Amino acid sequence: MPAVADILIPLALDTAYSYAVPHGLTLAAGDVVQVPLGPRETIGVVWGVEERASGGNLRPVTGRVEAPPLSEPLRKLVDWLARYTLAPKGSALAMALRLPDEAAQRETSRIGVRASGRPASRPTTARGKVLAVAADGAVRGKSALAKEAGVSLSVVDGLIDDGALEAVALVPEPVALPPDPDHPRVPLSEAQAEAARDLIAAPSPSPAETGGTILLEGVTGSGKTEVYFEAVAECVRDGRQALVLMPEIALTAQFLDRFAGRFGVRPATWHSGIGGKRRERIRAGVASGEVSVVVGARSALFLPFARLGLIVVDEEHESAYKQEDGVHYHARDMAVVRGRFERCPVVLASATPSIESRVNAQSGRYRHVSLPGRFGGRPLPDIKAIDMRLDKPEVGRFLSPPMVNAVKATLAAGEQALLFLNRRGYAPLTLCRACGHRYQCRNCSTWLVEHRFRRALVCHQCGYAERKPEACTECGAFDHLTPCGPGVERIAEEAAELFPDKRIVVLSSDFPGGAERLRQELETVAAGECDIVIGTQLVAKGHNFPHLTLVGVLDADIGLTTGDPRAAERTFQLLQQVTGRAGRGERPGRALVQTYQPDHPVIAALLSGDAERFYEEEISAREAAGLPPFGRLAALIVSGEEREKAEAHGQALARVADPPPGVMVLGPAEAPLALVRGRWRFRLLVKTERGIDVQSYLRDWLARGPKPRGNLKVAIDVDPQSFL
Ligand code: ADP
Ligand code: ZN
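In this text the structure is predicted, and so the values were computed from the model without any measurement. (Residues numbered from 1 in each chain as written. Chains lettered and ligands numbered in written order. Predicted model: local features only at pLDDT ≥ 70, side-chain atom pairs only at ≥ 80, totals over all residues. Heavy atoms only, no water.)

A.B. asks: So what exactly am I meant to see when it comes to the nonpolar core here?
C.D. replies: Grouped burial of nonpolar side chains is what soluble globular proteins tend to show. Leu243 and Val294 are the most contacted members of the largest nonpolar core, which has 51 residues in total. It is helix α11 (residues 331-342) that contributes the most residues to this core, 6 residues altogether. Both domain 1 (3-97) and domain 3 (190-375) contribute no fewer than three residues apiece to this core. Ignoring any residue separated from it by four or fewer positions in sequence, one finds Val294 in contact with Ala242, Leu243, Val244, Ala268, Trp270, Val286, Ala300, Leu303 and Phe305. Within the second largest apolar cluster, 40 residues are counted, among which are Leu507, Cys530, Leu548 and Ala582. (Core = buried A, V, L, I, M, F, W, Y, C linked by side-chain atoms within 4.5 Å. Buried < 20%, exposed > 50% of the residue type's maximum accessible area, 1.4 Å probe, protein only. Helix = DSSP H or I, 4+ residues; strand = E, 2+ residues; numbered from the N terminus. Domains from an automatic or database assignment. Contact = heavy atoms within 4.5 Å.)

Listed below in structure tokens is the structure:
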């Protein structure tokens with residue numbers, strides 16, 4: 001009987017398609033193949049092969065593609081991902097296998113030259129210099145050779161045309177050199193060594209449990225990185241591979257250098273900026289086992305590791321691990337799933353773990369390894385509140401007098417201060433004092449944010465930008481447009497007036513000059529070459545600024561009023577993280593927190609330094625409200641170009657929701673961000689008891705409900721992190 005292969009194609013398709021396996025071709029599950037799809041050819045992955053009568057009318061597989069096959073654990077992960085997120089299976093596969101990138105195929109390998117042994121037909125002095133250098137027979141890049149000989153590139157080209165030099169393909173440099181697990185390193189403290197032993201002793205989980213997941217908790221500066229590096233080292237010694245996941249913005253040169261300090265070489269890295277040939281080479285190196293450690297952003301989770309022995313999720317509480325478009329998945333949760341399929345331990349590291357992971361650790365589902373205090377007994381920063389109802393800033397200013405004095409004292413001591421405000425740009429709202437007009441995005445229900453540096457009003461949701469007008473576009477009044485509220489640029493202006501002779505840098509994700517310039521700027525800050533840093537959450541994460549001794553939080557309350565069930569958790573984590581930047585060097589640090597609600601439980605817990613109290617209160621509040629992880633949430637977001645149609649579709653879905661006991665369906669409600677990129681949005685929220693299979697319920701419901709037509713779309717977000 002002929003063989004039939006079920007091929008999953010990395011497009012938004014929910015099932016694998018059957019193809020005939022032509023005579024002479026042997027295929028196994030996981031093989032990457034080329035198949036016809038409609039009028040064209042595409043690639044896909046063999047999901048299953050069986051001997052069965054094909055009915056004779058199946059199209060045949062075109063052939064095998066030179067690409068690493070998808071291992072069984074990775075295929076299981078794809079199946080799991082699709083079932084859990086309700087994404088089409090093909091879309092889940094696309095996370096692990098992208099359609100070939102045309103730019104990558106056009107890239108050619110680098111060419112080098114060497115002496116051919118034939119003399120030049122027309123010797124000149126310049127040519128003589130080149131041939132003298134090349135006489136050793138070594139292969140060099142063309143420009144390297146020209147430079148070494150001190151001539152222009154055209155001389156080298158001339159010698160190639162002439163036949164005196166011959167072109168050879170340069171062997172590409174390996175994507176990463178092998179890390180040395182026994183590279184000399186700093187000795188660990190007793191507590192660190194014990195924690196490292198605990199990680200290494202982690203049993204490999206069987207597919208059914210999560211016993212191989214470990215929560216590694218310790219305040220910033222306690223040495224979590226040093227400790228999980230030991231687990232990585234042990235994994236490499238064992239001849240297995242390790243994956244370290246980080247939020248993309250924490251993937252800094254500073255971190256890679258630290259890795260190099262421990263292992264002698266930098267690791268292979270994987271993030272959204274890695275393109276073309278390099279992507280393919282890393283994938284191949286990971287699949288062959290040649291690359292033993294990858295440090296990457298969330299998408300690295302889907303690399304085809306051959307012998308995965310450890311996954312570390314650093315800053316596991318970060319919401320950046322949740323992908324909010326396409327397949328709505330949480331990389332931390334999927335890391336735990338992959339660990340189960342690979343039978344390898346998963347380490348979740350954080351100074352401020354998510355409530356979910358904390359609860360799992362407390363219930364014994366995860367093992368809990370804690371590091372006490374900061375390394376070397378360095379004290380945690382002393383945190384004090386500034387009650388803004390009492391210590392008001394001057395009119396039109398945002399720094400209260402005690403904050404100004406603290407900055408002054410810090411600078412006088414030759415130390416660095418960080419002013420933290422989680423708002424990009426100059427002012428979050430522009431208002432005409434003559435007519436009251438407020439500048440709003442034309443595609444979104446958001447206020448336009450003034451960016452002085454760009455002289456523009458910008459939408460932070462869709463990127464729409466317009467030049468800031470001279471006169472009000474509504475009433476024509478000149479000089480009446482007023483910025484309302486502060487962003488980091490405005491704080492920088494105030495700081496420059498207060499401290500005219502100090503070096504000030506503003507760090508936010510829209511830093512002019514892009515990621516590379518930003519990296520350099522972070523290094524100058526770390527080197528102490530600036531006095532005042534003004535930054536958004538970008539500076540809160542992962543950076544070590546040894547000269548920083550004062551952290552000033554300008555608006556601690558900013559995140560508390562969002563109506564998001566995780567608002568308290570998020571604010572606590574962010575403030576804990578940013579205040580933890582102070583005093584990581586030789587001198588002790590302190591933090592001042594401007595707030596209008598010093599008695600709010602989150603602020604009170606932060607001030608008392610009693611994280612335990614915060615966790616206890618927040619965990620019992622979640623339990624009482626049946627919120628995650630004590631209950632489950634899923635959101636449906638209906639969007640469309642016409643408001644009425646989007647709302648009507650949401651209502652039609654709600655009418656057939658028919659929730660069984662233990663399930664509640666709320667909405668549709670207009671989303672807080674009601675209009676985004678010209679699409680109106682309505683949200684339905686499903687809230688269930690913990691034991692309910694929310695995916696099955698959603699599947700049934702959507703199958704019963706009306707199908708979105710025209711420009712309507714329904715996005716499914718299981719375990720939503722964002723409620724906007
Ligand atoms: P965390 O990841 O918990 O924030 P790190 O591992 O980054 O902590 O350590 C904080 C700082 O202390 C780093 O600068 C690190 O080099 C230093 N450090 C930690 N452990 C040791 C050690 N055993 N010996 C020397 N320095 C250490
Ligand atoms: Zn917009």
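That covers the picture; the talk isn't over yet.
A.B. asks: What am I meant to see in the sheet that holds strand β13 (residues 308-314) here?
C.D. replies: Within a beta sheet, neighbouring strands are joined by backbone hydrogen bonds and run either parallel or antiparallel to one another. If you walk across this open sheet you meet the 7 strands as β11-β12-β10-β13-β14-β9-β15, and the pairing is parallel. Each edge of the open sheet carries a strand with a single partner, namely β11 (268-270) and β15 (367-371). Pairwise comparison of adjacent strand axes, ignoring direction, gives a mean angle of 20° for this sheet. Lying on the sheet, helix α7 (residues 190-200) is in contact with β9 (213-218), β14 (346-350) and β15; it crosses β15 at an angle near 160°. Sheet strands in contact with α11 are β9, β10 (241-245), β13 and β14, and its direction is about 165° off that of β13. (Pairing = 2+ DSSP bridges. Axes fitted to C-alpha atoms, helices over the stretch in contact; angles between N-to-C directions.)

A.B. asks: Help me understand the pattern of salt bridges, please; the structure alone is not making it clear to me.
C.D. replies: Two side chains with opposite charge may pair up if their charged atoms get near one another. Following the criterion strictly, the structure yields 38 salt bridges and no others. When the shortest N-O distance is used, the salt bridge between Lys384 and Asp382 registers 3.1 Å. By relative accessible area, which is 46% here, Lys384 ends up partly exposed. Salt-bridge contacts for Arg452 lead to Glu450; the nearest nitrogen and oxygen are separated by 2.8 Å. Within this structure, Glu450, Arg452, Lys468 and Glu493 form a network of salt bridges that share partners. (Salt bridge = Lys/Arg side-chain N within 4 Å of Asp/Glu carboxyl O.)

A.B. asks: Honestly, the pairing of strand β28 (residues 663-676) in this entry has me stumped. Any pointers?
C.D. replies: In regular strands, side chains alternate between the two faces of the sheet. With 8 bridges connecting them, β28 and strand β29 (residues 679-689) associate as antiparallel partners. When the sheet's bridge partners are listed, Met664 is paired in β29 with Lys687. The antiparallel hairpin formed by β28 and β29 contains 2 residues in its connecting segment, where Arg677 sits at a positive phi of about 50°.

A.B. asks: Teacher, can you tell me more about the site of ligand 1 here?
C.D. replies: Around ligand 1 there are 17 residues in total, and Gln192, Gly221, Lys224, Thr225 and Arg258 lie nearest to it. Backbone polar atom of Pro187 to a nitrogen atom of ligand 1: 2.9 Å apart, as the coordinates give it. The separation between an oxygen atom of ligand 1 and a polar main-chain atom of Gly223 is 2.9 Å. Surface burial for ligand 1 is 82%, taken as the share of its 550 Å² of free accessible area covered by protein chains. Considering each element in turn, the shell around ligand 1 owes the most residues, 3 residues, to helix α8 (residues 224-237). The residue makeup of the shell around ligand 1, split by class, is 5 nonpolar, 8 polar and 4 charged. (Near = heavy atom within 4 Å. Polar contact = N/O pair within 3.5 Å; in protein donor to acceptor, adjacent residues only side chain to side chain. Areas by Shrake-Rupley, 256 points an atom, 1.4 Å probe, with all protein chains shown as cover. Nonpolar A, V, L, I, M, F, W, Y, C, P; charged D, E, K, R; others polar.)

A.B. asks: Sorry if this is basic, but what is going on with the coordination of the zinc ion (ligand 2) here?
C.D. replies: Ideal geometry at a metal gives 109.5 degrees between four tetrahedral donors and either 90 or 180 degrees between six octahedral ones. Surrounding the zinc ion (ligand 2) are the protein donor atoms Cys441 (SG), Cys444 (SG), Cys459 (SG) and Cys462 (SG), which sit 2.3 to 2.4 Å from the metal. In this structure, the zinc ion (ligand 2) is surrounded by 4 donor atoms whose angles at the metal cover 105 to 114°, and the resulting shape is tetrahedral. Within one chain, the residues donating to the zinc ion (ligand 2) are spaced in sequence as C-x2-C-x14-C-x2-C. According to the relative accessible area criterion, Cys459 is buried, its value standing at 2%. (Donors = N, O, S within 2.8 Å, 3.2 Å for Na, K, Ca; no water. Tetrahedral: all angles 85-135°; square planar, octahedral: opposite > 155°, others 65-115°.)

A.B. asks: Help me understand the sheet that holds β28 in this model?
C.D. replies: Pairing within the open sheet is antiparallel, and its 4 strands lie in the order β28-β29-β27-β30. Looking at which strands have only one partner, the edges of the open sheet turn out to be β28 and β30 (713-718). Recorded for the sheet is a direction-independent mean angle of 20° between the axes of neighbouring strands.

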